[in-house]
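Commentary on secondary and tertiary structure
Here are the chains, one letter per residue:
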Amino acid sequence: MTCNDWKDMMMGYLDNELSDEQKQRFEEHIKGCSECTKELMEFKSLKAITDDLTLAEPEDKLWQDYWSGIYNRIELGAGWIILSIAAVILIIFCGFKVIEEIIENPNVEFLFKLGLVLLVIGLAILLVSVIRERLYFWKKDRYKNVQR
Ligand SMILES: [Zn+2]
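Residues numbered from 1 in each chain as written. Predicted model: local features only at pLDDT ≥ 70, side-chain atom pairs only at ≥ 80, totals over all residues. Heavy atoms only, no water.

**Considering the packing of aromatic side chains**
The following threshold applies: When two rings of Phe, Tyr or Trp (its six-membered ring) have centres within 6.5 Å they constitute a pair, described as stacked for plane angles under 30 degrees, edge-to-face for angles over 60, and tilted for the intermediate range. Helix and strand definitions here come from DSSP, where helices need a minimum of 4 consecutive H or I residues and strands a minimum of 2 consecutive E residues; each element is numbered from the N-terminal end. The cut-offs for exposure are 20% and 50% of the maximum accessible area for each residue type, with area from a 1.4 Å probe on protein chains only; residues under the lower value are buried, those over the upper are exposed, and the others partly exposed.
According to the stated counting rule, one finds 2 aromatic pairs in the structure shown. Taking the centre distance of 6.0 Å and the plane angle of 55° together, the rings of Trp6 and Phe26 count as tilted. With Trp6 in helix α1 (residues 3-14) and Phe26 in helix α2 (residues 20-32), this residue pair connects regions lying 20 residues apart in the sequence. Since its relative accessible area comes to 7%, Trp6 is described here as buried.

**With respect to the side chain of Lys47**
Applied cut-off: Every residue pair with non-hydrogen atoms within 4.5 Å of one another is taken to be in contact.
By the secondary structure assignment, Lys47 is in helix α3 (residues 34-104). Lys47 has contacts with Leu14 and Asp15, leaving out every residue within four places of it along the chain.

**Points about the confidence of the model for the protein chain**
Rule in force here: Confidence per residue, as judged by the predictor, is encoded in pLDDT with a range of 0 to 100.
Within the protein chain, residue pLDDT values average 81, and 89% of them lie at 70 or more. Here helix α4 (residues 110-147) is the element of the protein chain with the lowest mean pLDDT, 75, and α2 is the one with the highest, 94.

**Observations regarding α2**
The cut-off we apply is this: Here the expected length of a helix is defined as 1.5 Å per residue gap, with one fewer gap than residues. The arc in question is the one spanned by the directions pointing from the helix axis to the C-beta atoms.
Taking 1.5 Å as the rise per residue, α2 with 13 residues should run 18 Å; its terminal C-alpha atoms sit 19 Å apart, in good agreement. When α2 is considered as a whole, its buried residues turn out to be Phe26, His29 and Ile30. All buried residues of α2 lie within an arc of 100° about the axis, which places them on one face of the element. Residues of α2 that are exposed and point over 90 degrees away from its buried face: Asp20, Glu21, Gln24, Glu28, Lys31 and Gly32.

**Considering the coordination of the zinc ion**
Rules: Note that water is not among the atoms considered, so a metal site may appear incomplete; the donors listed are N, O and S atoms within 2.8 Å of the metal, with 3.2 Å applied to Na, K and Ca. A four-donor site is called tetrahedral if each angle lies between 85 and 135 degrees; a four-donor site is square planar, and a six-donor site octahedral, when trans pairs exceed 155 degrees and the remaining angles lie between 65 and 115; all other cases are labelled irregular.
Protein-derived coordination of the zinc ion comes from Cys3 (SG), His29 (NE2), Cys33 (SG) and Cys36 (SG), at a distance range of 2.1 to 2.3 Å. Between the 4 donor atoms coordinating the zinc ion, the angles at the centre fall across 98 to 120°, so the site counts as tetrahedral. Each donor residue of the zinc ion belongs to the same chain, with the gaps between them written as C-x25-H-x3-C-x2-C. The burial state of His29 is the same as that of Cys33; both residues are buried.

**As for the environment of Ile103**
Tracing the backbone through its elements, the reader meets Ile103 in helix α3. In the structure, Ile103 is positioned 10 residues away from Lys113 in sequence and 5.7 Å away in space, judged by C-alpha atoms. Leaving out residues up to four positions away in the same chain, Ile103 has contacts with Lys113 and Val117.

**A closer look at a nonpolar patch on the surface**
In plain terms, the rule: Patches draw on residues past 30% relative accessible area with no salt bridge. Two like charges within 9 Å are joined, as are two nonpolar side chains (Val, Leu, Ile, Met, Phe, Trp, Tyr) within 5 Å. Note on areas: Shrake-Rupley, 1.4 Å probe, and residue coverage restricted to the protein chains presented here. By salt bridge we mean one thing: a side-chain nitrogen of Lys or Arg within 4 Å of a carboxyl oxygen of Asp or Glu.
A cluster of nonpolar side chains, namely Leu83, Leu127, Ile131 and Leu135, defines an oily patch on the protein surface of about 330 Å² accessible area. A total of 3 residues in the nonpolar patch trace back to one element, the largest contributor, which is α4. Its location among the elements puts Ile131 in helix α4.

**Remarks on α1**
A rise of 1.5 Å per residue sets the reference length of α1, with its 12 residues, at 16 Å; its end C-alpha atoms lie 17 Å apart and thus fit the reference within 8%. Note on α1: the residue one or two positions beyond its end, Asn16, has a positive phi of about 65°.

**What to know about the packing of α1 against α2**
To keep it simple, the criterion reads: To obtain each axis, a line is fitted to C-alpha atoms, and for helices this fit is confined to the stretch in contact; angles are then taken between N-to-C directions over 0 to 180 degrees. Each angle is binned into one of four classes, with values under 35 degrees roughly parallel, values over 145 roughly antiparallel, values of 65 to 115 roughly perpendicular, and all other values oblique. Each crossing is labelled by how the near helix is turned from the far one, with a counterclockwise turn of less than a right angle marking it left-handed and a clockwise turn marking it right-handed. Only Asp, Glu, Lys and Arg are considered charged in this grouping, and only Ala, Val, Leu, Ile, Met, Phe, Trp, Tyr, Cys and Pro are considered nonpolar; every other residue, Gly among them, is considered polar.
Where α1 contacts α2, the two axes come as close as 11 Å, and the packing angle between them is 120°. Relative to α2, the element α1 lies oblique. α1 and α2 meet at a crossing whose hand is left-handed. Each of Cys3, Trp6, Met9, Met10 and Tyr13 in α1 lies in contact with α2, whose residues at this interface are Gln22, Lys23, Arg25, Phe26, Glu27, His29 and Ile30. Taken together, the residues that form the contact of α1 with α2 break down as 7 nonpolar, 2 polar and 3 charged.

Right under this line is the structure:
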């Protein structure tokens with residue numbers, strides 16, 4: 001057998017696919033042939049790299065799930081924030097429309113106007129947080145129903 005024949009067996013040797021007899025003869029040749037020993041070492045490191053790549057695959061999947069999970073949470077959070085801001089703006093706007101006359105009335109004290117404005121803002125924020133809470137629990141309940 002020439003060195004090239006032995007080289008053809010190297011991958012099989014590293015993957016443990018040779019018969020005991022083949023293995024023994026292969027190891028005997030490697031012991032006496034520095035060129036094949038060197039080649040075997042290269043094959044070994046190449047195999048280590050490809051093994052690492054195969055191991056890395058399920059890990060990549062985990063990372064993908066992890067990041068898409070984070071993305072979903074960011075998306076959901078951003079959606080809630082935008083919705084809340086929009087609701088607060090709309091409620092304040094409507095509130096202002098209702099109390100506009102009082103605000104524009106020069107006979108009404110400034111502190112009373114300020115109090116009224118803060119009251120509307122506070123009510124708007126409270127209302128939005130209550131709605132948010134209700135929606136959150138409603139979603140949770142619905143999810144529970146699906147699981148049953
Ligand atoms: Zn050789």
